[in-house]
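Here are the chains, one letter per residue:
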Amino acid sequence: MNQLLVEHIPFTVDKLLVEQSIKENKPLIVRGKLQEAGRKNQNGRIYERQILEREIDKYISGPVKENRAMGELDHPDSSVINLNNVSHNIKKVWWDGNNVMGEVEVLTTPSGNILKELFRCGVTLGISSRGMGSVEENSDGTLMVQEDFDLLCWDFVSTPSTPGAYMAPITMNESVIKTPHDYSKVHSIIRDIIC
């Protein structure tokens, strides 16, 4: 039976780059580990390499290439990516050994601005895959993700599960993004609440 499968990976981000991004109203770019193949995660699941390779290839040639590899701030209980909650867009995905690596653009959406504020305040967040599929328990009790797995996206979450996966800022997008709303008051309110 197919079920919603989610995996969590912790992120850390340099506060100075976040503050610069907020001040200049530019997207923040972070880079790091998105997922790992062949290793049991804190949810007790293993994603075999061939399954992840197939899904990563589809993800790169589809959502990433088409600039629609969006994710949300926190996991919903749905397989649908809700545009009202989009906080980021995956710009690049590649393999480094058994690690799935990526570059993530934190957007200047309301959820993206909340994400920036959390990073700016030093909150360590996780990134977590969301997909549909089934699992089977092997002889040692490990849940093996099955061939029917379908990767949907990666979301930012509060509780990570993939070991050793951290993101770090690399740059900000050089183009200035004009937004129809002034989020500076929202930034101040969120900063006061969170910090």
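(A) Molecular detail of the overall build of the protein. Summing up its helical and strand segments, the protein has four helices and 11 strands in all. Residues counted as buried form 48% of the 195 residues belonging to the protein. The contacts in the protein between residues at least 6 apart in sequence include a share of 74% that link residues at least 24 apart.

(B) Structural view of the confidence of the model for the protein. The pLDDT averaged across the protein works out to 80; a share of 73% of its residues lies at or above 70. Across the protein, the secondary-structure element scoring lowest on mean pLDDT is strand S11 (residues 167–172), at 49, and the one scoring highest is helix H2 (residues 49–64), at 98.

(C) Seen up close, the sheet that holds strand S9 (residues 143–145). In spatial order, the strands read S3-S9-S8; together these three strands make up an open sheet with mixed pairing. In this open sheet, the two strands that pair with only one neighbour each are strand S3 (45–46) and strand S8 (135–137).

(D) Here's a closer look at the pairing of strand S5 (residues 86–96). Across three bridges, strand S4 (residues 70–72) lies against S5 in antiparallel orientation. Considered in S5, the bridge of Glu-72 is made with Val-86. With eight bridges joining them, S5 and strand S6 (residues 99–106) adopt antiparallel strand pairing. Bridging from a neighbouring strand, Lys-92 pairs with Glu-103 of S6. Count of turn residues in the S5/S6 antiparallel hairpin: two residues, of which Gly-97 carries a positive phi of about 65°.

Parameters at a glance
- Residues numbered from 1 in each chain as written.
- Predicted model: local features only at pLDDT ≥ 70, side-chain atom pairs only at ≥ 80, totals over all residues.
- Heavy atoms only, no water.
- Helix = DSSP H or I, 4+ residues; strand = E, 2+ residues; numbered from the N terminus.
- Buried < 20%, exposed > 50% of the residue type's maximum accessible area, 1.4 Å probe, protein only.
- Contact = heavy atoms within 4.5 Å.
- pLDDT = per-residue confidence, 0-100.
- Pairing = 2+ DSSP bridges.

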